[in-house]
Amino acid sequence: MNKKVILFFGAMLLVSGCAGLADYDIDLPGNYSIIRTSGHEITIAPKTDIGWGPAVVPTEIIKAGWNKNM
């Protein structure tokens, strides 16, 4: 029983303690992306050959929408 409890808490620490697991990027039209680098760092930035350029829209993007005409 003790081994199961230790394994459970060890697994929870491993999963919750890894930085960057929830980071993502979403492609937008016009060679831009929504980039999440932390819980409060969600920006829209242009793509470059080596990554992304400076943020066009500053941190904490809450919602973005577009259609096929953009």
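About the thresholds
Residues numbered from 1 in each chain as written. Predicted model: local features only at pLDDT ≥ 70, side-chain atom pairs only at ≥ 80, totals over all residues. Heavy atoms only, no water. Patch = residues over 30% accessible without salt bridge, like charges linked within 9 Å, V, L, I, M, F, W, Y side chains within 5 Å. Areas by Shrake-Rupley, 256 points an atom, 1.4 Å probe, with all protein chains shown as cover. Salt bridge = Lys/Arg side-chain N within 4 Å of Asp/Glu carboxyl O. Helix = DSSP H or I, 4+ residues; strand = E, 2+ residues; numbered from the N terminus. Buried < 20%, exposed > 50% of the residue type's maximum accessible area, 1.4 Å probe, protein only. pLDDT = per-residue confidence, 0-100.

What follows deals with a nonpolar patch on the surface. Taken together, the side chains of Val-5, Phe-8 and Phe-9 make up a nonpolar region of the molecular surface, amounting to roughly 300 Å² of accessible area. Checked against the element boundaries, Phe-8 lands in helix α1 (residues 2–16).

Turning next to the pattern of salt bridges. Tallied over the full model, the rule gives one salt bridge. Taking the shortest distance from any N to any O, the salt bridge between Asp-27 and Lys-47 comes out at 2.5 Å. Taken together, the residues Asp-27 in strand β1 (residues 24–28) and Lys-47 in strand β3 (residues 41–48) connect sequence positions 20 residues apart. Judged by relative accessible area, Asp-27 falls into the partly exposed class, the value being 46%.

Next up on the list: the confidence of the model for the chain. Looking at the chain, the pLDDT average stands at 74 and 73% of residues meet or exceed 70. Across the chain, the element-wise mean pLDDT spans from 74 in α1 up to 83 in β3.

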